[in-house]
Amino acid sequence: MLLKSKSINDGHAGVDLRELSLPLSGWSLRIGRSGERRPALAVYDSDGHCVDAMASSFLAPALLRDVRHGDHGGKRWTLAWGKVPRGVEDVHVAFRLPRRVQPVPPVIVADHFWVAETEGRFKHVAAFADGSPWCLRAQGA
């Protein structure tokens, strides 16, 4: 998955944020800082509405935070995102249908978050880190 990146201004403190565009869904990610100056990630749909916002955590994070699917440009897509647990180097993601499993390497964002996107409408997504699985059912976008 190739993410297109651009620098943006948050409009408040002049903080330089990064915006990453997701090619299949048309959604975007904004990387910034929380009020406590921890790395933060916001997920925006193709209409520019904030769908989720999360900050890094010292507590055990939910490895798999959310899964969505929809259509963009006449193509179906499924998108998943979550947090990278402390001390974990690799996150593995699999998009699943009853008779098909599609492994998709996630993109690690700001060392604390991950995102994975694939063509097709998948019903379930599983994420694994250090042998611990997390599973979610996809929601329509």
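Residues numbered from 1 in each chain as written. Predicted model: local features only at pLDDT ≥ 70, side-chain atom pairs only at ≥ 80, totals over all residues. Heavy atoms only, no water.

Visitor: Residues and numbers for the overall build of the protein, please.
Guide: A tally of regular secondary structure across the protein gives zero helices and 14 strands. Helices and strands appear in the protein in the N-to-C order β-β-β-β-β-β-β-β-β-β-β-β-β-β. Per-residue burial for the protein yields a buried fraction of 43% across its 141 residues. For the protein, long-range pairs separated by at least 24 residues make up 46% of all intrachain contacts whose partners lie at least 6 apart in sequence. When the accessible surface of the protein is totalled, it reaches about 8000 Å², and 48% of it is carbon and sulfur. (Helix = DSSP H or I, 4+ residues; strand = E, 2+ residues; numbered from the N terminus. Buried < 20%, exposed > 50% of the residue type's maximum accessible area, 1.4 Å probe, protein only. Contact = heavy atoms within 4.5 Å. Areas by Shrake-Rupley, 256 points an atom, 1.4 Å probe, with all protein chains shown as cover.)

Visitor: Could you give an account of the nonpolar core, with specific residues and numbers?
Guide: Membership of the largest hydrophobic core comes to 16 residues, with the highest contact counts inside it found for Leu64, Ala80, Val91, Val93, Phe95, Trp114 and Val125. For this core, the secondary structure elements donating two or more residues are β8 (92-97), β11 (113-119) and β12 (124-129). With three residues, the single largest contributor to this core is β12. Formed by 14 residues, the second largest nonpolar core is a distinct cluster that contains Leu20, Trp77, Trp81 and Phe113. (Core = buried A, V, L, I, M, F, W, Y, C linked by side-chain atoms within 4.5 Å.)

Visitor: So what about the pairing of strand β7 (residues 75-83)? Which residues, and what values?
Guide: For β7, the tally of buried residues reaches seven of nine residues, placing the bulk of the element in the interior. As paired strands, strand β6 (residues 66-72) and β7 are joined by seven bridges and run antiparallel to one another. Paired with His72 across the bridge in β7 is Lys75. Turn length for the β6-β7 hairpin, with the two strands adjacent in sequence and antiparallel, is two residues, and the turn residue Gly73 shows positive phi of about 60°. The pairing of β7 with β11 spans seven bridges and is antiparallel. Each bridged residue has a counterpart across the sheet, and for Trp77 the counterpart in β11 is Glu119. (Pairing = 2+ DSSP bridges.)

Visitor: Which residues make up the pairing of β11, and what values go with them?
Guide: With six of its seven residues buried, β11 lies for the most part within the structure. As judged from the three bridges shared by strand β10 (residues 107-109) and β11, these two strands associate in the antiparallel manner. Residue pairing across strands places Val107 opposite Val115, the latter belonging to β11. Between β10 and β11, which pair antiparallel one after the other, the connecting turn spans three residues, and Ala110 there sits at a positive phi close to 55°.

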